[in-house]
Amino acid sequence: QVQLVESGGGLVQTGGSLRLSCAASGRTFSSYAMGWFRQAPGKEREFVASIDWSGDNTRYADSVKGRFAISRDNAKNTVYLQMNSLKPEDTAVYYCAAGFRLSHVVAGSAAYWGQGTQVTVSS
């Protein structure tokens with residue numbers, strides 16, 4: 001069982017930056033692929049970024065490529081999402097996800113999900 005707790009959301013102006021953190025419980029964090037998803041009001045949840053257990057392989061949605069960066073610190077059981085050049089369309093609740101298979105995480109079928117953190121970008 002893994003528990004995920006997101007933090008770091010908030011209100012920021014267009015062009016600003018935020019760093020989200022997702023702290024995981026359990027001893028096997030380094031075994032999990034991790035991902036970030038987001039859901040805006042009235043829209044379906046969408047994939048944002050993923051990272052494999054080693055941190056060597058990352059993937060991004062086209063909408064955030066070049067602006068967002070996912071990373072992980074296995075010693076701290078934490079995955080991060082650095083968000084730069086934020087736009088109003090980035091406004092959403094951001095969720096952290098964990099799974100043994102990277103393909104499952106990317107597909108949105110991760111085994112574990114956090115409760116989400118709100119990111120609001122004002123224009």
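The text that follows walks through the structure, step by step, so that each part is easy to find.

Thresholds applied
Residues numbered from 1 in each chain as written. Predicted model: local features only at pLDDT ≥ 70, side-chain atom pairs only at ≥ 80, totals over all residues. Heavy atoms only, no water. Buried < 20%, exposed > 50% of the residue type's maximum accessible area, 1.4 Å probe, protein only. Helix = DSSP H or I, 4+ residues; strand = E, 2+ residues; numbered from the N terminus. Pairing = 2+ DSSP bridges.

**Quick look at the pairing of strand β1 (residues 4-7)**
Residues L4 and E6 line the buried face of β1, whereas the alternating positions V5 and S7 sit on a face that is not buried. Sheet topology note: the β1/strand β3 (residues 18-24) ladder contains four bridges and is antiparallel. In the sheet register, S7 faces β3, and the bridge partner there is S21.

**Examining the environment of F100**
By secondary structure assignment, the location of F100 is in the loop between β9 (92-99) and α1 (102-106). With 90 residues separating them in the primary sequence, F100 and G10 have C-alpha atoms 30 Å apart.

**Observations regarding unusual backbone geometry**
Negative phi characterises most residues that are not glycine, and trans characterises most peptide bonds. Positive phi values are uncommon outside glycine, yet N77 reaches one of about 50 degrees. Examined against the element boundaries, N77 turns out to sit in the loop between β7 (68-73) and β8 (78-83). Positive phi is not limited to glycine here, since S85 has a value of about 50 degrees. Tracing the backbone shows S85 in the loop between β8 and β9.

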